[in-house]
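Given next are the chains, with one letter for each unit.
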Amino acid sequence: MARKKRQALQVPELIVRKREGGQLSEQEIRDVVAGFMDGSVADYQMSALAMAVYFRGMSFEETVAMTLAMRDSGKVVSLDNVDAPKVDKHSTGGVGDKVSICLAPIVAACGVAVPMMSGRGLGHTGGTLDKLEAIPGFRVDLSVREFRAQLGKIGCALIGQTGDLAPADKRLYALRDVTGTVESIPLITSSILSKKLAEGIDSLVLDVKVGRGAFMKTESHARELARCLVRVGRLAGKRVSALLTDMHTPIGYTIGNALETTEALEVLHGQGPNDLQELTFELAAEMLRSAGVSKTRAQALRRVELAVRDGAALQKMRQIVEAQGGDPGVVDEPDRLAVARHRSTIKARSNGYVTEIDPLELGYASMGLGAGRSRAEDAVDPGAGIRLYVQLGDRVRTGDELATLYASERARVRGGADRVAASFRIGKRRPATRSRIIETIRR
Ligand code: URA
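Worth saying up front: this structure is predicted, and the values here are computed from it rather than measured. (Residues numbered from 1 in each chain as written. Predicted model: local features only at pLDDT ≥ 70, side-chain atom pairs only at ≥ 80, totals over all residues. Heavy atoms only, no water.)

Draft legend 1. Inspection of the overall build of the chain at higher detail. Scanning the chain from N- to C-terminus turns up 17 helices and 13 strands. For the chain, whose C-alpha radius of gyration is 22 Å, the value lies close to the compact-globule estimate of 22 Å for 443 residues. Expressed along its principal axes, the backbone C-alpha trace of the chain runs to roughly 70 × 45 × 40 Å. Within the chain, the proportion of its 443 residues that are buried is 57%. For the chain, contacts bridging at least 24 residues in sequence account for 78% of all contacts bridging at least 6. For the chain, the separation between the mean place of its 64 positive charges and that of its 54 negative charges on side chains is 2 Å. (Helix = DSSP H or I, 4+ residues; strand = E, 2+ residues; numbered from the N terminus. Rg over C-alpha atoms; globule rule 2.2 N^0.38 Å. Buried < 20%, exposed > 50% of the residue type's maximum accessible area, 1.4 Å probe, protein only. Contact = heavy atoms within 4.5 Å. Lys, Arg positive; Asp, Glu negative; His and termini not counted. Charge placed at Lys NZ, Arg CZ, Asp CG, Glu CD.)

Now the structure itself:
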């Protein structure tokens, strides 16, 4: 019956209406998404509609309808077996972004459940799943049943997107990717939120990155996306907030899977680079605030710092790694993680200050070393990547080390050296540096 009703749906008329700047009703959006899933709406029609949305946009109401229709295209996980508030974080993706690996155990150690579903690396950005899999034995492919049980037991699970959640988004994203319709704020919003709302969370904190290494290149675009995500998430019944964060240089000193996991573990040991620590602590504090366990940012930050200082976050990480089949000894001895054997070190060719470290170029260079993938089916090399020795604004002398490249094949190291060298600019004037946190958006 439902199929018959959808066949009567005039998809060409809806496409034309959107193309001319009109609005679609909630029911029409639900029917289009359902028809896309059962095959009665063709891929070419869905692509044409995506292009019309790209040019004409969608109202908040249409975006909410799209988000909920895509959420409901698959399973919606119930986490009613978990007593604690359930909060996830989503990053729009950057270079050297290993935050999830230290953030999740910190927040879970503060009494908030973290059902974290992450992605794999594609293109210049890395993926949390690939970084976690650098830990020998670590399984990210838990079933929904295992995911629920682990959350009930230890309050945190770090897993990959299951095919059961928001399958309409997966299919639509595949079309958008090849039809020039990815960069649409309503489509990005419904894509991100449909997956997150299917996880059974109470609230969500978004890390919307801005800069050369990010999806959004300007602050105004990133702010527009963050506001849309927050507003649509709230209209969909969840507490959603966003941090706008700087992605003009790589985060921390490492790019590549095992290298980044090691650096994230350092944060749990109370060490690690300042910028990574700042980003992790601020996101963790926002998650505690959003979960209602801390009233103010200052209270939340104190709680987060204590969880690291007293070893509770580290202990939580050991539990997570053990529960997911990994070697928990790695948490205390990260040096045991893989490091690729072929190396090359890049040195400064002049005296001065580091005025630029191009994250996009370094992201692509890391991919070329084997740490990332250009097609979804490619394998990644856990030990490949780049270690930086400097950050923006550091003073260097000719011959000082700037970075080391790691790869399992000598040719890859040779092939990447010029690209890594070209990612650095050394100038006479010390550049202005700023916090990674640009703004918090809660409305
Ligand atoms: N990330 C997503 O999950 N979806 C988009 O559309 C863009 C980025």
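Draft legend 2. Fine view of the sheet that holds strand β1 (residues 87–91). Pairing in this open sheet of 4 strands is mixed, and the strands run β1-β4-β5-β13 from one edge to the other. On the outer flanks of this sheet lie β1 and β13 (437–441), each paired with one strand and no other. Averaged over neighbouring strand pairs, the angle between their axes works out to 20° when direction is ignored. Packing of helix α11 (residues 219–235) onto the sheet brings it into contact with β4 (203–210), β5 (239–246) and β13, and relative to β5 it is tilted by some 165°. (Pairing = 2+ DSSP bridges. Axes fitted to C-alpha atoms, helices over the stretch in contact; angles between N-to-C directions.)

Draft legend 3. Region of interest: the pairing of β4. In terms of burial, β4 is a largely internal element, 8 of the 8 residues being buried. Neither face of β4 is left uncovered, since the one carrying Ser-203, Val-205, Asp-207 and Lys-209 and the one carrying Leu-204, Leu-206, Val-208 and Val-210 both have all their residues buried. In terms of strand pairing, β4 meets β5 through 8 bridges, oriented parallel. Bridging from a neighbouring strand, Val-210 pairs with Asp-246 of β5. In the classification by handedness, the crossover that spans β4, the intervening α11 and the parallel β5 is right-handed. (Right-handed = clockwise from strand over helix to strand, strands pointing away.)

Draft legend 4. Region of the structure containing α11. Helix length check: α11 (17 residues) gives 24 Å between terminal C-alpha atoms against 24 Å at 1.5 Å per residue, within 8%. Every buried residue of α11 is listed here: Ala-222, Leu-225, Ala-226, Cys-228, Leu-229, Val-230, Val-232 and Gly-233. Contacts made by the buried residues of α11 are with α5 (60–71), α10 (185–197), β4, β5 and β13. (Expected span 1.5 Å × (residues − 1).)

Draft legend 5. Broad picture of the sheet that holds strand β12 (residues 424–427). Across the sheet, which stays open at both edges, the 3 strands sit in the order β10-β8-β12 with antiparallel pairing between neighbours. Strands with a single pairing partner mark the edges of an open sheet, and in this sheet they are β10 (395–396) and β12.

Draft legend 6. Structural context of the packing of helix α12 (residues 257–268) against helix α13 (residues 274–291). Packing of α12 against α13 brings their axes to within 10 Å, and their N-to-C directions diverge by 65°. What the angle tells us is that α12 and α13 run roughly perpendicular. In this structure, the crossing between α12 and α13 has a hand that is right-handed. Facing α12, whose interface residues are Glu-263, Ala-264 and Val-267, α13 presents Leu-276, Gln-277 and Phe-281. Here the residues of the contact of α12 with α13 are counted per class, giving 4 nonpolar, 1 polar and 1 charged. (Parallel < 35°, antiparallel > 145°, perpendicular 65-115°, else oblique. Left-handed = near helix turned anticlockwise from the far one by under 90°. Nonpolar A, V, L, I, M, F, W, Y, C, P; charged D, E, K, R; others polar.)

Draft legend 7. Representation of the environment of Val-208 within the structure. Mapped onto the fold, Val-208 is located in strand β4. On the basis of relative accessible area, Val-208 is assigned to the buried category, the value being 0%. Between the C-alpha atom of Val-208 and that of Val-11, which follows or precedes it by 197 residues, the distance is 34 Å.

Draft legend 8. Structural context of the domain arrangement of the chain. One can read the domain layout of the chain as domain 1 (2–57), domain 2 (87–334) and domain 3 (338–427). Of note, the centres of domain 1 and domain 3, computed from C-alpha atoms alone, are 45 Å apart. (Domains from an automatic or database assignment.)

Draft legend 9. View of the pattern of salt bridges. One pass over the full model with this rule turns up 38 salt bridges. Close ionic contact of Asp-202 with Lys-86 constitutes a salt bridge, the shortest N to O distance being 4.0 Å. Of the two residues, Asp-202 sits in the loop between α10 and β4 while Lys-86 sits in the loop between α5 and β1, which places them 116 residues apart along the sequence. Given the relative accessible area of 9%, Lys-86 is considered buried. Between Glu-146 and Arg-139 there is a salt bridge, with its nearest N and O atoms 3.1 Å apart. For Arg-139, a relative accessible area of 33% corresponds to the partly exposed category. Through salt bridges with shared partners, one network takes in Glu-219, Arg-223, Asp-246, Asp-275, Arg-434, Arg-436 and Glu-439. (Salt bridge = Lys/Arg side-chain N within 4 Å of Asp/Glu carboxyl O.)

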